[in-house]
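This is what each chain is made of:
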Amino acid sequence: MNPVSFSSARLASVTLTFRIPYYTQWGQSLLISGSDPLFGNWDVKRGIILRPVHNGGVLLWCGKITVAAGFRSKYSYYVVNDDRGVLRSESGRKHEVSLPQGIVAGVVEIHDLWQVASDAVFFRSAFKNVIFAEGWCLEPEQTPGFCFKETEDEGCIVVHFKISCPRMDKGTSVYVTGNTSQLGSWEAHNGLRLSYVGESVWQGGCAMRKDDFPIQYKYCQTKTYGESSLELGPNRELIVDSETGHPPHFVFLSDGAFRESPWRGAGVAVPMFSVRSDDDLGVGEFLDLKLLVDWAVDSGFHLVQLLPVNDTSVHGMWWDSYPYSSLSVFALHPLYLRVEALSRNIPDDIKQEILRKRKELNGQSVDYEATLAAKLSIAKKIFHLEKDMILSSSSFLDFFSENKEWLRPYAAFCFLRDFFETADHTQWGRFSNYSLDKLEKIVSEGSLHYEVISFHYYIQFHLHLQLLEASEYAKKRKVILKGDLPIGVDRCSVDTWQYPNLFRMKTSTGAPPDYFDKNGQNWGFPTYNWEEMSKDDYAWWRARLTGMGKYFTAYRIDHILGFFRIWELPEHAVTGLIGKFRPSIPLSQDELEKEGIWDFDRLSLPYVTKELLQDKFGTFWPGVLSHFFEEGPNNLFKFKEECNTEKKVVAKIETGTGSSLWLDRKEIIQRGLFDLLQNIVLIRDPEDRSKFYPRFNMEETSSFRDIDEHSKNVMRRLYHDYYFCRQEELWRQNALKTLPALLNSSDMLACGEDLGFIPSCVFPVMQELGLIGLRIQRMAAEPGVEFGLPSLYDYMTVCAPSCHDCSPMRAWWEEDKERRQRFYINIVGSTKSPPTNCIPELACFILQQHFDSPSMWAIFPIQDLLALKKEYTTRPAAEETINDPTNPKHYWRYRVHVTLESLMKDKDLKAAIKDLVTGGGRSYPTVVDKTNHPAQTEGKRRAENRHF
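Residues numbered from 1 in each chain as written. Predicted model: local features only at pLDDT ≥ 70, side-chain atom pairs only at ≥ 80, totals over all residues. Heavy atoms only, no water.

Asker: Teacher, can you tell me more about the overall build of the chain here?
Answerer: Helix and strand content of the chain: 29 helices and 39 strands. Projecting the C-alpha coordinates of the chain onto the three principal axes gives extents of approximately 110 × 80 × 75 Å. Here the chain, with 948 residues, has 57% of them falling under the buried criterion. Total accessible area on the chain stands at roughly 40800 Å², and carbon and sulfur atoms take up 51% of it. Between the mean site of the 109 positive side-chain charges and the mean site of the 124 negative ones, the chain shows a separation of 2 Å. (Helix = DSSP H or I, 4+ residues; strand = E, 2+ residues; numbered from the N terminus. Buried < 20%, exposed > 50% of the residue type's maximum accessible area, 1.4 Å probe, protein only. Areas by Shrake-Rupley, 256 points an atom, 1.4 Å probe, with all protein chains shown as cover. Lys, Arg positive; Asp, Glu negative; His and termini not counted. Charge placed at Lys NZ, Arg CZ, Asp CG, Glu CD.)

Asker: Can you help me understand the side chain of threonine 15 in this one?
Answerer: If you trace the backbone, threonine 15 turns up in strand E2 (residues 14–21). By relative accessible area, which is 18% here, threonine 15 ends up buried. Setting aside chain neighbours within four positions, we find threonine 15 in contact with Lys64, Ile65, Thr66, Gly106, Val107 and Val108. (Contact = heavy atoms within 4.5 Å.)

Asker: Explain the side chain of threonine 609 here, please?
Answerer: Tracing the chain through its elements places threonine 609 in the loop between helix H13 (600–604) and helix H14 (610–617). Judged by its relative accessible area of 11%, threonine 609 falls in the buried class. Side-chain polar atoms of threonine 609 contact the backbone nitrogen of leucine 612, separated by 3.1 Å. The residues contacting threonine 609, other than those within four sequence positions of it, are Leu636 and Phe637. (Polar contact = N/O pair within 3.5 Å; in protein donor to acceptor, adjacent residues only side chain to side chain.)

Asker: Honestly, the sheet that holds strand E16 (residues 201–209) in this entry has me stumped. Any pointers?
Answerer: Sheet strands pair via backbone hydrogen bonds, and the direction of the pair is either parallel or antiparallel. Taken together, the 8 strands give an open sheet; going across it, the order is E5-E6-E2-E10-E20-E12-E16-E15, and neighbouring strands pair in mixed fashion. Across the chains shown, the open sheet's two edge strands, defined by having one partner strand only, are strand E5 (51–55) and strand E15 (195–198). With strand direction ignored, the average angle separating the axes of adjacent strands in the sheet is 25°. One ladder, built from 3 bridges, connects strand E12 (residues 156–164) with strand E20 (residues 250–253); its direction is parallel. When the bridges of E20 are listed, valine 158 appears paired with phenylalanine 250. (Pairing = 2+ DSSP bridges. Axes fitted to C-alpha atoms, helices over the stretch in contact; angles between N-to-C directions.)

Asker: Just to check I follow, could you spell out the packing of aromatic side chains for this structure?
Answerer: Pairs of aromatic rings are described using the distance from one ring centre to the other and the angle between the two planes. Scanning all chains against the criterion turns up 73 aromatic pairs. For the pair phenylalanine 581 and tryptophan 731, a centre-to-centre distance of 5.1 Å together with 75° between the ring planes defines the contact as edge-to-face. Of the two residues, phenylalanine 581 is situated in strand E30 (residues 580–582) and tryptophan 731 in helix H21 (residues 728–743); the sequence distance between them amounts to 150 residues. When sorted by exposure, phenylalanine 581 lands in the same class as tryptophan 731, which is buried. Here the aromatic residues Trp567, Phe581, Tyr693, Phe696, Tyr719, Tyr722, Tyr723, Phe724, Trp731 and Phe757 are joined through ring pairs into a cluster of three or more. Above the ring of tryptophan 731, the side-chain terminus of arginine 565 is found at 5.4 Å from the ring centroid. Above the ring of tryptophan 319, the side-chain terminus of lysine 889 is found at 3.4 Å from the ring centroid. (Phe/Tyr/Trp six-rings, centres within 6.5 Å; stacked < 30°, edge-to-face > 60°. Lys NZ or Arg CZ within 6 Å of the ring centre and 35° of its normal.)

Asker: How should I be thinking about the sheet that holds strand E38 (residues 797–800) in this particular structure?
Answerer: Strand order in the open sheet made by the 8 strands is E36-E28-E23-E22-E21-E39-E38-E37, with parallel pairing throughout. Across the chains shown, the open sheet's two edge strands, defined by having one partner strand only, are strand E36 (749–752) and strand E37 (773–776). Looking at each pair of strands side by side, their axes are set apart by 25° on average, direction ignored. Sheet topology places E38 next to strand E39 (residues 857–861); 2 bridges connect them, and they run parallel. Following the sheet pairing, valine 798 is matched in E39 by tryptophan 857.

Asker: Whenever I open this one, the pairing of strand E8 (residues 86–89) confuses me. Can you help?
Answerer: Moving residue by residue along a regular strand, the side chains alternate between the two faces of the sheet. Bridge count between strand E7 (residues 72–80) and E8: 3 bridges; the pairing is antiparallel. If you follow valine 80 over to E8, its bridge partner there is valine 86. Linking two consecutive strands that pair antiparallel, namely E7 and E8, is a turn of 5 residues; a positive phi of about 65° is found at arginine 84 within it.

Asker: Which parts of the structure should I look at to understand empty space enclosed by the protein?
Answerer: Where empty space is left in the structure can be found by rolling a water-sized probe over the atoms. In total, this model carries 6 cavities of 30 Å³ or more according to the counting rule given. Approximately 270 Å³ is the volume attributed to the largest cavity. What lines the largest cavity is a set of 22 residues, and nearest its centre among them are Ala269, Gln305, Arg556, Cys803 and His804. When residues of the lining of the largest cavity are traced back to their parent elements, those giving at least two are E36, E37, E38 and E39. (1 Å grid on protein atoms, 1.4 Å probe; cavity = no way out; pocket = protein on both sides within 12 Å on 5 of 7 lines; lining within 4 Å. Points joined across faces, edges and corners; volume = space filled by probe spheres on them.)

Asker: For this particular structure, what's the right way to read the pairing of strand E13 (residues 172–178)?
Answerer: Buried residues dominate E13, accounting for 7 of its 7 residues. Here E13 shows two buried faces, one formed by Thr172, Val174, Val176 and Gly178 and the other by Ser173, Tyr175 and Thr177. As judged from the 7 bridges shared by E13 and strand E17 (residues 215–223), these two strands associate in the antiparallel manner. Residue pairing for E17: serine 173 is matched across the bridge by threonine 222.

Asker: Even after reading the chapter, I still don't get the pattern of salt bridges, so can you show me in this structure?
Answerer: Should the charged atoms of two oppositely charged side chains come close, the side chains can pair. By the definition in use, this model includes 59 salt bridges. A salt bridge links lysine 535 to glutamate 532, with the nearest nitrogen and oxygen atoms 3.0 Å apart. With relative accessibility at 22%, the residue glutamate 532 sits in the partly exposed group. Measuring nitrogen to oxygen at the nearest pair gives 2.7 Å for the salt bridge that ties glutamate 786 to arginine 822. Of this pair, glutamate 786 sits in the loop between E37 and E38 while arginine 822 sits in helix H24 (residues 817–828), and the two are 36 residues apart along the sequence. According to the relative accessible area criterion, arginine 822 is partly exposed, its value standing at 33%. (Salt bridge = Lys/Arg side-chain N within 4 Å of Asp/Glu carboxyl O.)

Asker: Just checking my understanding: could you explain the packing of helix H6 (residues 394–420) against helix H8 (residues 450–476) for this structure?
Answerer: Axes are the key here: two packed helices are described by the angle between their axes and the distance separating the axes. Orientation of H6 relative to H8, taken along the N-to-C sense of each, is 130°, at an axis distance of 8 Å. In terms of orientation, H6 and H8 fall into the oblique class. H6 and H8 meet at a crossing whose hand is right-handed. Of the residues assigned to the contact of H6 with H8, the class counts are 14 nonpolar, 4 polar and 2 charged. (Parallel < 35°, antiparallel > 145°, perpendicular 65-115°, else oblique. Left-handed = near helix turned anticlockwise from the far one by under 90°. Nonpolar A, V, L, I, M, F, W, Y, C, P; charged D, E, K, R; others polar.)

Asker: Would you take a moment to explain the environment of phenylalanine 628 for this structure?
Answerer: One can find phenylalanine 628 in helix H15 (residues 621–628). A relative accessible area of 0% means that phenylalanine 628 is categorised as buried. Separated by 101 residues in sequence, phenylalanine 628 and glutamate 729 have C-alpha atoms that sit 43 Å apart.

Asker: Sorry, what's going on with the environment of aspartate 537 here?
Answerer: Mapping aspartate 537 onto the fold places it in the loop between helix H10 (530–533) and helix H11 (539–548). The partly exposed category is assigned to aspartate 537, whose relative accessible area is 46%. Residues aspartate 537 and glutamine 498, 39 residues apart in the sequence, show an inter-C-alpha distance of 18 Å.

The following block contains the structure:
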């Protein structure tokens, strides 16, 4: 063979040719934008536009650029319109071109694949640091896959293979096998062995004869003991320069991920407060998670999902049991502290107090107030004994240094809350407005109250240590801890005090009418000022996710629809019905007037007639009229100023004159007055009176029924346009600005709770961003379907028979006789009468459907799993409900009625669950010897210490 030199004497530069298969729609193009000036320095407007080429049945996009030897750059592909506006971009890691030193001239062809977000899921910490951690711990190999030389055979093309294997086990090698001798002629062990270069990437190269092309090939994984597994799917094919007939000198293949069966796992969901163990004090505690993890592993689960664990101590009463109303988005809840673990030298009298309180608070349900008070009281006694030693320790000082940005304001807030006896910081006089100067004075070590401040530091430090210990233990056992990111914060919180500019304090968040509540929901949280948040690239959100990432490797985004648009209510609202979406494009006064709509007071003020009052209140209507209304125009009545909002109505009924009128009829009269306040067609924007929003379900109002036919037809059309058409692109763009800030803040696996009134843009955006959705069988995502079919769910979903926001499986089954009959016919496939209770056989059928589904994750509330065994179903089913979304003052207090220790001993239940896991083809943690597991050793030590 006659060598040819590609020295600078013949060719002074390298020509890069990019090729990527991608199907576009008419008017769309692909371009490359990257970190090098030749790629536009990430300015898409200055990127390299590619040209389409049809190659058989494949649409290839190609582009060419001349670069110097040794060129390096990161880059991504973008789908753009004619104005180079970005319509879609790749997800996951950036592509990278890095020419080896041996390539000083010639033509280099780069074959890429479009990187979709779902491909990047296995690069998240849930997989790379937990489930496949052993494979990710491989050391990069020193030997390069191929040494590029300046002189090669004229009849050869150097091909460089690159594949990602994020799901690989330890002790596995990767080969390329194919139809050429260099690739082993389809004998895997004779193929091209690739080298591991880190971050799950394997690569290597070899010289191929030009007459070998096109080349058929596949990647293969081979275990150390000889077992090989060829990737799935059709053969990959390498065709070079089919367009010009001039083959390149070098080809770099970026072949995406190793093709294998979709990975599917299972998990258990249980609120932290619901866990019960022999060692907790009235409520589940962070250190209980270690035993819960052991049970999860024995049952075949890879994941434990919790509700939010942030401090919610706002009101100082059981209302604070609501885990989504955060006092601080950073501070952990003292409720979950194990006081026994605060010290190794607890005096005997405190040990005896712990024993008494454990027995006293070991009730069927959580006693929130008594439990928290007992823990804080005991913790203070231990703190006084050891504060100097702990607060001067290196571990505490490191914790303080790393967390002081939120820890100091949190401690100051707690001190002021207790001093002023309210968390409403607007009532704190000169401390109402936060400033660094005021903070320094409050937390100063020389202050008289510094011991109170440092006690809050001390509690957070130990909570951190205990949750971190449980988190690290879960990782070792290949179990993902999944946290929960609440959509809102309490309006009386550290965050609204410290960052008031980030919140719209005169508004409230909620949800429009849906499956949970026909009147909508009002959560009471202020809405976010997204415009202000964007100014520092959403730093507050990024800090939240960074904090969560210390303990969790996956998280649930509560009400992900709120990142597209939020249901915004006025601060004076009690219910969730009279709201509007923010952001949204309103109906303008000009738009309405052009349609012949002009009487805006008639449509936007409560429509109250004598007949409506008589219908609502019967014989009591004259008294209601005199107390709440005055005469208005056109024989209508209007609410008096002192009761013209829902909150004013509540206040007047509670404290106003006329109590003899309502006596035991408070709820009936309040509900009737709310109905009349809500009897409107349009909502006028309080910040711009020339803008209007159609009231949700406006056709159900008598106000709508009594307008003329022309106005009805106009309003029906505008209503449909507002809720289903004009907002979609606005909401899509809003989500694509806000959600990436979360996803890029940590490498946790992200799942979105996408239940409710779902805009059509939601699912495509979640798919584009690689977000895993939620599917609850009784809340079918498909329109016009009562029950979802788990067998038809998308892969990028979590499926479950129930969740914390609805009744668990047993309770749901007993709630509605006709509904369970329909389920029995349509889902079970039986025409017989269904059992009146969800018996274990039926529970097994429902659970198996979900284990068998294509969903990446099947995650089950622990109550639904306990339904598999008759002895765990003696408790009334309704008592297993965690939350009632229709009740804003619901007491979150459900506790599992069986201890973790008992569940660990129940071999039958664990075997039954594991049979469902394996029968559904789901992955499960590798069984290892637990004789010397930390959780077991710790449990034994605690058992011994119980005798003190």
